[in-house]
Amino acid sequence: MTSTDQQPFLSVRDLKVHFSTEDGIVKAVDGLSFDLLKGKTLGIVGESGSGKSVTNLAILGLHDRDRTAIEGEVVLDDKELLTASERELERLRGNKMSMIFQDALASLSPYHTIGKQISETYRKHTGASKSQARARAIEMLRRVGIPQPEVRVDDYPHQFSGGMRQRAMIAMALVCDPELLIADEPTTALDVTVQAQIMDLLKDLQQEFGTAIIFITHDLGVIADIADDVLVMYGGRCVERGTKKEVLRSPQHPYTLGLLSSMPSLDHPVDVPLNPIPGSPPSLLNPPTGCRFHPRCTFAEKVEGGLCSTEQPPLEVTNGRGSACHLTADQRAEYFSDLAGSAAN
Ligand SMILES: Nc1ncnc2c1ncn2[C@@H]1O[C@H](COP(=O)(O)OP(=O)(O)OP(=O)(O)O)[C@@H](O)[C@H]1O
Ligand code: SF4
Ligand SMILES: [Mg+2]
């Protein structure tokens, strides 16, 4: 995704994830491509229902294959994952790739101690002895900032606070040194101070372990904090991608611009309302024709020939930078110059 000639560690090509439902086919992800380099962080941003979680569950092989049509290519370090057997995926999950979610309670079992859950994951992938695995669990709990880890290792999840459970889930996700960590809104449910601590922790751990991270969020402030590259999703497709600086400083797509204008910033006057994007996200059963954003786009009328409602704009990418919009470069320069946000560091 960057302009270096380094081989991508994860490569996703034309990914489609379609669900069969009683109402018809839900095209949750509909032709998505991106790359991620070793040790880098890709931020995926988009409104609720844009396909962020579905994309990442597909990478991890966690969809029910009988009810889900998945097409395209997902290559992790030379291994094609979409055609991998359940057994191979089971081996890779937790070991080479792992995931943390918004809700730690849902991914931790209430019936086993935190220590047992971390050490069992470790033993499953390394064959370590029980005592080695317990020592490793204590070490990981210390590493993620749990006080008195040699005591707290025997606690059950309900004995931990929300922030501590999130840390424990990170410890469990990183216990086998995975090379890819998928973080799906891991801080959304936490208060701002704990959120900042968890973000710092992830950055530290990434530095230490060299983990590549996909960080999913609807919050551009979080993207500004953690991402190297950014992918903006709308209605199951990528509408814009580039480095954090490119996307946040000079957005090329009206949807990204809308996200930036609806983002609170420290210098935003409290008496001036933010501009949420009008309208609602598209139906994925019957997506709009042409550009999926056209029913909500204030620039659609600037494009000649009504193209926005009839022709899907292609995503043209050069050196990892691109957007899918019919506006010309000159039009964007003219219309967007005063509006772009200043969220990038
Ligand atoms: N198993 C499923 N069967 C049918 N539709 C599904 C299924 N899983 C997800 N969807 C639909 O796919 C679309 C994308 O869902 P997804 O969970 O990826 O959204 P998201 O971008 O992660 O949103 P959020 O920010 O709310 O987490 C949604 O319309 C959702 O209802
Ligand atoms: S293609 Fe048209 S509708 Fe879509 S974002 Fe660009 S201007 Fe708006
Ligand atoms: Mg989600």
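Residues numbered from 1 in each chain as written. Chains lettered and ligands numbered in written order. Predicted model: local features only at pLDDT ≥ 70, side-chain atom pairs only at ≥ 80, totals over all residues. Heavy atoms only, no water.

(A) Expanded view of the site of ligand 1. Taken together, the neighbourhood of ligand 1 is formed by 14 residues, with Ser48, Gly49, Lys52, Ser53 and Val54 sitting nearest. One of the backbone nitrogen or oxygen atoms of glycine 49 is found 2.8 Å away from an oxygen atom of ligand 1. Lysine 52 has a polar side-chain atom sitting 2.8 Å from an oxygen atom of ligand 1. Protein chains bury 64% of the 640 Å² of accessible surface belonging to ligand 1 in isolation. Contributions of two or more residues to the shell around ligand 1 are made by β1 (10-21) and α1 (52-59). The biggest single contributor to the shell around ligand 1 is α1, with 3 residues. A breakdown of the residues in the shell around ligand 1 according to their chemical character gives 4 nonpolar, 6 polar and 4 charged. (Near = heavy atom within 4 Å. Polar contact = N/O pair within 3.5 Å; in protein donor to acceptor, adjacent residues only side chain to side chain. Areas by Shrake-Rupley, 256 points an atom, 1.4 Å probe, with all protein chains shown as cover. Helix = DSSP H or I, 4+ residues; strand = E, 2+ residues; numbered from the N terminus. Nonpolar A, V, L, I, M, F, W, Y, C, P; charged D, E, K, R; others polar.)

(B) The arrangement of the sheet that holds strand β5 (residues 79-80) in detail. Spatial strand order, β2-β1-β4-β5: 4 strands in an open sheet with antiparallel pairing. Two strands close off the open sheet at either side, each with one partner strand: β2 (24-36) and β5. The sheet contacts of α1 involve β1, β2 and β4 (68-76), and relative to β1 the element is tilted by about 110 degrees. (Pairing = 2+ DSSP bridges. Contact = heavy atoms within 4.5 Å. Axes fitted to C-alpha atoms, helices over the stretch in contact; angles between N-to-C directions.)

(C) Region of the structure containing the pairing of strand β8 (residues 212-217). Within β8, 6 of the 6 residues are buried, leaving the element largely enclosed by the surrounding structure. Neither face of β8 is exposed, since Ala212, Ile214 and Ile216 on one face and Ile213, Phe215 and Thr217 on the opposite face are all buried. Both strand β3 (residues 41-45) and β8 contribute to a ladder of 5 bridges, which runs parallel. Residue pairing for β8: isoleucine 44 is matched across the bridge by isoleucine 216. Bridging between strand β7 (residues 180-184) and β8 involves 5 bridges; their strand directions are parallel. For leucine 181, the partnering residue across the bridge sits in β8 and is isoleucine 213. Handedness of the β-α-β unit built from β7, helix α8 (residues 192-209) and β8 comes out right-handed. (Buried < 20%, exposed > 50% of the residue type's maximum accessible area, 1.4 Å probe, protein only. Right-handed = clockwise from strand over helix to strand, strands pointing away.)

(D) Just the domain arrangement of the protein, in detail. Assigned domains within the protein: domain 1 (104-177) and domain 2 (249-336). The centre of domain 1, based on its C-alpha atoms, is set 43 Å off from the matching centre of domain 2. (Domains from an automatic or database assignment.)

(E) Up close: the site of ligand 2. What surrounds ligand 2 is a group of 13 residues, the closest being Cys291, Cys297, Cys308, Cys325 and His326. Looking at the shell around ligand 2 residue by residue, the classes come out as 10 nonpolar, 3 polar and no charged.

(F) Quick peek at the pattern of salt bridges. For the structure on display, the rule yields 23 salt bridges. Measuring nitrogen to oxygen at the nearest pair gives 3.1 Å for the salt bridge that ties glutamate 150 to arginine 142. Accessibility expressed as a relative area gives 40% for glutamate 150, which makes it partly exposed. In this structure, arginine 143 and glutamate 208 form a salt bridge, with 2.5 Å as the shortest nitrogen-oxygen distance. Highlighted residues: arginine 143 in helix α5 (residues 130-143) and glutamate 208 in helix α8, separated in sequence by 65 residues. Relative accessible area serves as the criterion here: at 29%, arginine 143 is assigned to the partly exposed category. Note on glutamate 208: relative accessible area 44%, which makes it partly exposed. Via salt bridges that share partners, Lys38, Asp77, Lys96 and Glu179 belong to a single interconnected network. (Salt bridge = Lys/Arg side-chain N within 4 Å of Asp/Glu carboxyl O.)

(G) Representation of the pairing of strand β6 (residues 97-100) in the model. The two faces of β6 match: Met97 and Met99 on one face and Ser98 and Ile100 on the other face are all buried. Across 4 bridges, the pairing between β6 and β7 is parallel. In the strand pairing of β7, methionine 99 is matched with isoleucine 182.

(H) Seen up close, the sheet that holds β6. The mixed open sheet is built from 8 strands, whose spatial order is β6-β7-β8-β3-β9-β10-β12-β11. Only two strands of the sheet have a single neighbouring strand rather than two, namely β6 and β11 (316-318). The average undirected angle you get between the axes of adjacent strands in this sheet is 20 degrees. Of the strands in this sheet, β3, β6, β7, β8 and β9 (229-234) touch α1, which is tilted by about 150 degrees from β8. Sheet contacts for α8: β3, β6, β7 and β8; angle to β8, the most-contacted strand, approximately 160 degrees.

(I) Layout of the confidence of the model for the protein. Confidence in the prediction of the protein, expressed as mean pLDDT, is 90, and 93% of residues score 70 or more. The low-confidence segment residues 341-345 (pLDDT under 50) makes 15 contacts with residues lying over four places distant or belonging to another chain. (pLDDT = per-residue confidence, 0-100.)

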